[in-house]
Amino acid sequence: MLVTLITHTADPERTVAAAAKLCYSDAHIDTLLDGLTPDKTAAFLQKLSDLGHASPIEHASFTFGVEGVSRTFLAQVTRHRIASFSVQSQRYVRLEDFRYVIPPEIEAIPEARQAFIDAMNEDARRYLDLVGTLEDAHTQKLMAQGLDEKAARAKASKMANEDARFVLPNACETKMVLTMNCRSLLNFFNLRCCERAQWEIRAVADRMLELVYPLAPHIFASAGPRCLTGPCPEGRMCCGRQATVREKYAQLKEAAYHG
């Protein structure tokens, strides 16, 4: 798994503070940034937090590159609707180099690991066999309709990928670019940094938090699972490790901020 911060709103906290300043003063648009020193910026952000006024933080966003994750991860992350996703297509990209993600619990048991790898190798073989069969059949059909062989083969290739991908497993590796504003990120961290979140999306969420925290420490001061700032909302499903979780995220933020 690799998570990279590709780009972000320049000076995200000052941008948010400018939006907040407009809400609470008679400032003019062309002077919004005037006088927004680091101290005043921090004060505006603290005011937003105290009031629970979250809309101004939507004006700052972060764009990440994520790779080495599974299609299982993709199914979960796209449930966060207030975000933008660009995902490598299995329709246009043929998986000649079939890669996959092995869950840690399977990796830890030699017999399970070998069975998993055998299953992935079989899936890869069947996928490529199916691609070849479909491509040949589509090519012949398209040539019969009047296309020359080169054009028919090019069109048939995409047609074959489109249907052959149905045999690919959830473990199949994918990659994406995703963008979220700060409000969506805080919600994402609330849900996906929780110990009850699936291991893969939790690992991605932790890494994303490490990347954004140094750039906007006031905005993300309380970022993480909800139990950092109050009682666990999971009820009987609570992990029971609130103290450990709080220490984990205190250390994560400290390490991220200093380096």
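Here the residue numbering is sequential within each chain, running from 1 through the sequence in written order. Reporting in this predicted model follows two pLDDT cut-offs: at least 70 for local features of residues, and 80 or more for side-chain atom pairs to be given and counted; totals over whole chains, interfaces and linings ignore these cut-offs and use all residues. To get the side-chain values, all heavy atoms of the structure are used, and hydrogens and water are removed first.

Engineer: Looking at this structure, I do not really get the pattern of salt bridges. What am I missing?
Structural biologist: Two side chains that carry opposite charge are able to pair once their charged atoms sit near each other. Any Lys or Arg side-chain nitrogen found within 4 Å of a carboxyl oxygen on Asp or Glu counts as a salt bridge. Inspection of the entire model under this criterion finds 15 salt bridges. Arg-99 is the partner of Asp-97 in a salt bridge, and the nearest nitrogen-oxygen pair spans 2.9 Å. Accessibility here uses a 1.4 Å probe with only protein chains present; expressed as a share of the type maximum, an area under 20% marks a residue as buried, one over 50% as exposed, and anything in between as partly exposed. Classification of Asp-97 by relative accessible area gives exposed; the value is 51%. One salt bridge in this structure joins Glu-122 and Arg-126, with 2.7 Å as the shortest N-O distance. Of the two residues, Glu-122 and Arg-126 both sit in helix H5 (residues 110-144), four residues apart, roughly one turn of that helix. Residues joined in a network through salt bridges with shared partners are Arg-94, Glu-135, Asp-136 and Arg-153. By the criteria applied, helices consist of DSSP H or I runs no shorter than four residues and strands consist of E runs no shorter than two, each listed in order from the N terminus.

Engineer: Honestly, the environment of His-53 in this entry has me stumped. Any pointers?
Structural biologist: On the secondary structure map, His-53 appears in the loop between helix H2 (38-51) and strand S2 (61-70). Using a relative accessible area of 22% as the deciding quantity, one classes His-53 as partly exposed. Each C-alpha atom, one on His-53 and one on Ala-20, is 9.0 Å from the other, the two residues being 33 residues apart in sequence. Note on definitions: a residue-residue contact is assigned when non-hydrogen atoms from the two residues lie within 4.5 Å. Apart from residues no more than four positions distant in its own chain, His-53 is found in contact with Cys-23, Tyr-24 and Leu-48. Distance and chemistry together define a polar contact, namely a pair of N or O atoms within 3.5 Å, with one atom able to donate a hydrogen and the other to accept it when in protein, and with adjacent residues in sequence counting only for side-chain atoms on both sides. A polar contact is formed between the side chain of His-53 and the side chain of Ser-55, at a distance of 3.1 Å.

Engineer: Looking at this structure, I do not really get the sheet that holds strand S3 (residues 84-87). What am I missing?
Structural biologist: In a beta sheet, neighbouring strands pair by backbone hydrogen bonds and run either parallel or antiparallel. Spatially, S1-S2-S4-S3 is the arrangement adopted by the four strands of the open sheet, whose pairing is antiparallel. The two strands at the open ends of the sheet, each matched to only one other strand, are strand S1 (2-8) and S3. Each neighbouring strand pair of the sheet contributes to a mean axis angle of 20°, computed without reference to strand direction. Two strands form a pair only when DSSP identifies at least two bridges running between them. Pairing of S2 with strand S4 (residues 173-181) involves nine bridges; the strand directions are antiparallel. Bridged to Gly-65 within S4 is Val-177. Each axis is a line fitted through C-alpha atoms, and for a helix only the stretch in contact is used; angles between axes span 0 to 180 degrees, taken between their N-to-C directions.

Engineer: What is the right way to look at helix H1 (residues 12-24) in this model?
Structural biologist: Residues that lie three or four places apart on an α-helix share one face, since the helix turns once every 3.6 residues. Working rule for helices: expected span equals 1.5 Å times residues minus one. Taking 1.5 Å of rise per residue, 13 residues should cover 18 Å, and H1 covers 19 Å from first to last C-alpha, within 8% of that figure. Those residues of H1 lying buried are Pro-12, Glu-13, Val-16, Ala-17, Ala-18, Ala-19, Ala-20 and Lys-21. Check the buried side of H1 and you find it contacts S1, H2 and S2.

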